[in-house]
Structures are given as C-alpha cells and as structure tokens.
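# Chain and residue survey
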Amino acid sequence: MLVLLPPSEGKADGGRGRPFDPGALSLPGLGPAREEVLEELVGLCCADEEKARDVLGLSEGLRGEVARNARLRSAPARPAGEIYTGVLYDALGLATLSPAAKRRAARSLLVFSGLWGAVGIKDRIPSYRCPGGVRLPGLGALSTHWREPLAAVLPEAAGTGPVLDLRSTAYAQMWRPKGELAERTVTVRVLQSAVVDGVEKRTVVSHFNKATKGRIVRALLEDGAAPGTPAALVEAVRGLGYVVEEPAAGRKPGKPRALDVVVSEL
C-alpha cells in the first residue's frame, strides 16, 4: 500500500545537520524537475525579497521564510518526517510509532511538495516554504510543472497494491492517477455527524479533517494492515472502528474510489 500525504505549510527547523544531498532523495527520476524548482526558488529569494514574498503569498510576519529559502542549498537537513509539522503530522505522530510501524511508514508514505515533487519520510530535506499552488515567474504553475515528472515515476512507486490518497486539492492537482492505477486508488473525505433537533446533519470539516486522516494512517501502520486491494483497504479502515461509506453514485470506471469517513467526535 502506498499512502500519499500533503505537506505542512509550517515546518520544523533543520537543526544542525549537514545539507541535503539531491542524489539521495527517493524517486530519483524527479531529480531534474527538482533542480529546476530549486534553482528558480533560490534565485528569486536571493534577488528580490518583496517579489519573493508576493510570489509565495507570505505575510509580513513570514518575511524570514524568504531568507530561509535563499539558503536552501547550504541549510541543515533532517528527515522529512521530522520537518513536516501541523495537524495531520501531530495526529500521525511518526516519532512515537512502534519500531515495526516506523518501518512500514518508511516503506509506504510519500509526502507531496511544491519544491520536491514527492519525498519519503526518511529523505533528508531542509526546512523551506514553497506551496504547491505557487506560480514561479520562470516555471509557471508548480502544479503543471510536476505533472509529467510525477506521472513518469509514481506508477512504479505504487506497485500493484492500493493507493490511499489523502492529499489536499493543491497537491492532488500535481498528479492524478489514471486508468487501472486510478481504480486502485482510494480517496477520503471526512464528515462530522451531529444530531440537531432530532435530525442527523453531516458537514465537511477542515481543520479536523487533517487530524482524522493522520489518526487513520497511524492506526493502519500500528495495526500492520497490508491490504492487497482497494476493497481490503476499505475493510481495514472499517476494522479500525471508523464508519466508512461510499457515495450513492458509486464508483466510476477509471476513477479513484471515493470514501466518506463519518465521525461524531473530532
């Protein structure tokens, strides 16, 4: 099983480690596309701080992120699983997984990124700021830049098992599975169920959507689940105690299997 995660906008500091080695990252076929983004991002942040802030959508309080990007090539690096923070990663709790679950996480988790395309959680990267929805002056929209390179490497990375796609919209636009691979892909929407005046109402949650997804991944890793098909993946999630439903419209050929996970407590 391959699990696709979004990154976090906020990131931990790189600490005191050595700089990242581009040749040591997972999915080496993404190397040329990574270098193109890195070259333009560093150049932009070195040349014009105000323009870089505007391009990256940074507030005045995040001005320091421009200087951080300017030093990416020499900045200290740490495993991506330690760099990414935020609601989903807090709920996932990579550092507190059991040894066996950590090994499963290293094999199955891929984090999408506007700068790197996608990385494994053991890949050593520096802290950076480059959202997937950014449009760099020279390369254009990063979602477009990454489509072809990711399409070339991800089918092999996915193997023959199911793909659990938990990416947010900006990162889903970077690569969409097609054909048979799409039919092995499962997407998840989190709904909160509440009874109001005796009637159940369901609403899409945002902040806690990330937390629920993080908890699901953690539970699958700790449970040792190794589903060989999308149907088995759905049953594995149900087996963790979640209410899982498929939209009434059902599945469409050549499209991912869309699931609703219904929770009453967030």
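My aim in this report is to walk through the structure given alongside it, one point at a time. Only a predicted model underlies this, so the values are computations on that prediction, with no experimental measurement involved. (Residues numbered from 1 in each chain as written. Predicted model: local features only at pLDDT ≥ 70, side-chain atom pairs only at ≥ 80, totals over all residues. Heavy atoms only, no water.)

### Re the overall build of the protein chain
Summing up its helical and strand segments, the protein chain has eleven helices and twelve strands in all. Over its C-alpha trace the protein chain gives a radius of gyration of 19 Å, about what one expects of a compact globule, namely 18 Å for 266 residues. By its C-alpha atoms, the protein chain is 60 × 45 × 35 Å across when sized along the principal axes. Residue burial in the protein chain is summarised as follows: out of 266 residues, 48% are buried. The contacts in the protein chain between residues at least 6 apart in sequence include a share of 72% that link residues at least 24 apart. Of the accessible surface of the protein chain, which amounts to about 12500 Å², a share of 51% is contributed by carbon and sulfur atoms. Computed over 36 positive and 30 negative side-chain charges, the separation of the two mean positions in the protein chain equals 2 Å. (Helix = DSSP H or I, 4+ residues; strand = E, 2+ residues; numbered from the N terminus. Rg over C-alpha atoms; globule rule 2.2 N^0.38 Å. Buried < 20%, exposed > 50% of the residue type's maximum accessible area, 1.4 Å probe, protein only. Contact = heavy atoms within 4.5 Å. Areas by Shrake-Rupley, 256 points an atom, 1.4 Å probe, with all protein chains shown as cover. Lys, Arg positive; Asp, Glu negative; His and termini not counted. Charge placed at Lys NZ, Arg CZ, Asp CG, Glu CD.)

### As for helix H2 (residues 49-56)
When H2 is considered as a whole, its buried residues turn out to be Ala 52, Arg 53, Val 55 and Leu 56. With its buried residues spanning 165 degrees around the axis, H2 presents them on a single face. Structurally, H2 contributes buried residues whose contacts are with helix H1 (31-47), helix H3 (64-70) and strand E6 (135-136). Sitting at the head of H2, Asp 48 places a side-chain oxygen 3.3 Å from the backbone nitrogen of Glu 50. Just downstream of H2, Gly 57 is the residue with a positive phi angle, here 70 degrees. (Arc of directions from axis to C-beta. Polar contact = N/O pair within 3.5 Å; in protein donor to acceptor, adjacent residues only side chain to side chain.)

### Quick look at the nonpolar core
Core analysis: the largest hydrophobic core is formed by 77 residues, its most contacted members being Leu 5 and Leu 109. Among the elements that make up this core, the one with the highest residue count is H1 (seven residues). Beyond its immediate chain neighbours, meaning those up to four positions away, Leu 109 contacts Val 3, Leu 5, Leu 92, Leu 94, Val 119, Gly 120, Ile 121, Val 217 and Leu 221. (Core = buried A, V, L, I, M, F, W, Y, C linked by side-chain atoms within 4.5 Å.)

### Observations regarding the packing of aromatic side chains
Summed over all chains, the structure comprises four aromatic pairs. Here the aromatic rings of Phe 20 and Trp 116 are separated by 5.1 Å at their centres, their planes lie at 65 degrees, and the arrangement is edge-to-face. Residue Phe 20 is located in the loop between strand E1 (2-5) and H1, and its partner Trp 116 is located in the loop between strand E3 (109-113) and strand E4 (117-120); the two are separated by 96 residues in the primary sequence. Each member of the pair, Phe 20 together with Trp 116, is buried. (Phe/Tyr/Trp six-rings, centres within 6.5 Å; stacked < 30°, edge-to-face > 60°.)

### A short note on unusual backbone geometry
Note on backbone geometry: most residues besides glycine have negative phi, and most peptide bonds are trans. Positive phi outside glycine occurs at Leu 27, with the angle close to 55 degrees. When you line up the elements, Leu 27 lands in the loop between E1 and H1.

Nothing here speaks to function; it is geometry throughout.
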